Amino acid sequence: MYVLIGNNTKMKNDIWAGNTTCPNCGQKHDFHLMKLVQTATVFFVPVISVTQKRYLVCDSCQWAKELKRSEYNEIRKKQMNILDEGRFPKDIIRQDCHPDGVSIIWRILKLIVSGGFATFVFLSFLLMVIEEIKESGDLSALPLFFMIILICAIPFMLSLKNFIPAWKMKKAYDELTGE
Ligand SMILES: [Zn+2]
């Protein structure tokens, strides 16, 4: 069978990283966490994304500092807390958290599809395991079955991990705009 496989690399805006003096342009500006993401596609459908590099970027002059994964995650966690506490500036919420901008519909769709797939795999294997055990009384295949189920749940867990911050951003936007 002919399968069209491709990949593209894109710079993705992640989250507002505070307002501070830029070492390059010397002015106080907003900064954003951004990441260079490589996405593998099958028939133009994104299947898996891998973060190549992480940056702290000045909104004004685009000066970028490459961050280690741990530094990036630390800032990101701090900023998610600030968002949770409702302390993001209003203009940043308007600019960054629009439901279309955070692709909320697409993320919900991904959750449903990956969750449905995981549930389907879980139920089918559960039935198979029950049949198998009933017939042979042998439990040796159990670990393999559970491993397959866990692997098939990975897309769902990844979708959920990406969904939660997007949902929080959408919520902040809705609260601000009173929708
Ligand atoms: Zn700057």
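Residues numbered from 1 in each chain as written. Predicted model: local features only at pLDDT ≥ 70, side-chain atom pairs only at ≥ 80, totals over all residues.

Turning our attention to the overall build of the protein chain. Assigned secondary structure in the protein chain consists of four helices and four strands. Tracing the protein chain from N to C terminus, the helices and strands come up as β-β-β-β-α-α-α-α. Against the compact-globule benchmark of 16 Å for 179 residues, the protein chain has a radius of gyration of 21 Å, which places it well outside the compact range. Counting only C-alpha atoms, the protein chain reaches 75 × 40 × 30 Å along its principal axes. For the protein chain, the share of sequence-separated contacts (at least 6 apart) that also reach a separation of at least 24 residues comes to 61%. (Helix = DSSP H or I, 4+ residues; strand = E, 2+ residues; numbered from the N terminus. Rg over C-alpha atoms; globule rule 2.2 N^0.38 Å. Contact = placed C-beta atoms within 7 Å.)

Once that is clear, we can look at unusual backbone geometry. Its identity as a non-glycine residue notwithstanding, Gln-62 has a phi of 70°, on the positive side. Considering the arrangement of structural elements, one finds Gln-62 in the loop between β3 (45-58) and β4 (64-67). A positive phi is found at Ser-103, a non-glycine position, where the angle reads about 50°. Inspection of the secondary structure assignment puts Ser-103 in the loop between α2 (90-96) and α3 (104-136).

All right, on to the pairing of β3 then. Both strand β2 (residues 28-42) and β3 contribute to a ladder of twelve bridges, which runs antiparallel. Each residue of the ladder has a partner; that of Phe-31, found in β3, is Cys-58. Where β2 folds back onto β3 in an antiparallel hairpin, the turn is made up of two residues, including Phe-43, whose phi is positive at roughly 50°. Looking at chain direction, β3 and β4 are connected through four bridges and run antiparallel. (Pairing = 2+ DSSP bridges.)

As far as domains go, the protein chain holds domain 1 (1-86) and domain 2 (97-179). Between the C-alpha centres of domain 1 and domain 2 the distance comes to 24 Å. (Domains from an automatic or database assignment.)

So, about the nonpolar core. Within the largest apolar cluster, 19 residues are counted, with the highest numbers of intra-cluster contacts made by Cys-97, Met-169 and Ala-172. Elements with a contribution of two residues or more to this core: β1 (5-21), β2, β3, α1 (69-84) and α4 (142-177). No fewer than three residues from each of domain 1 (1-86) and domain 2 (97-179) sit in this core. For Met-169, the contacting residues outside a window of four places in its chain are Leu-83, Asp-96, Cys-97 and Val-102. (Core = buried A, V, L, I, M, F, W, Y, C linked by C-beta atoms within 7 Å. Buried ≥ 20, exposed ≤ 12 C-beta atoms within 10 Å, placed from the backbone.)

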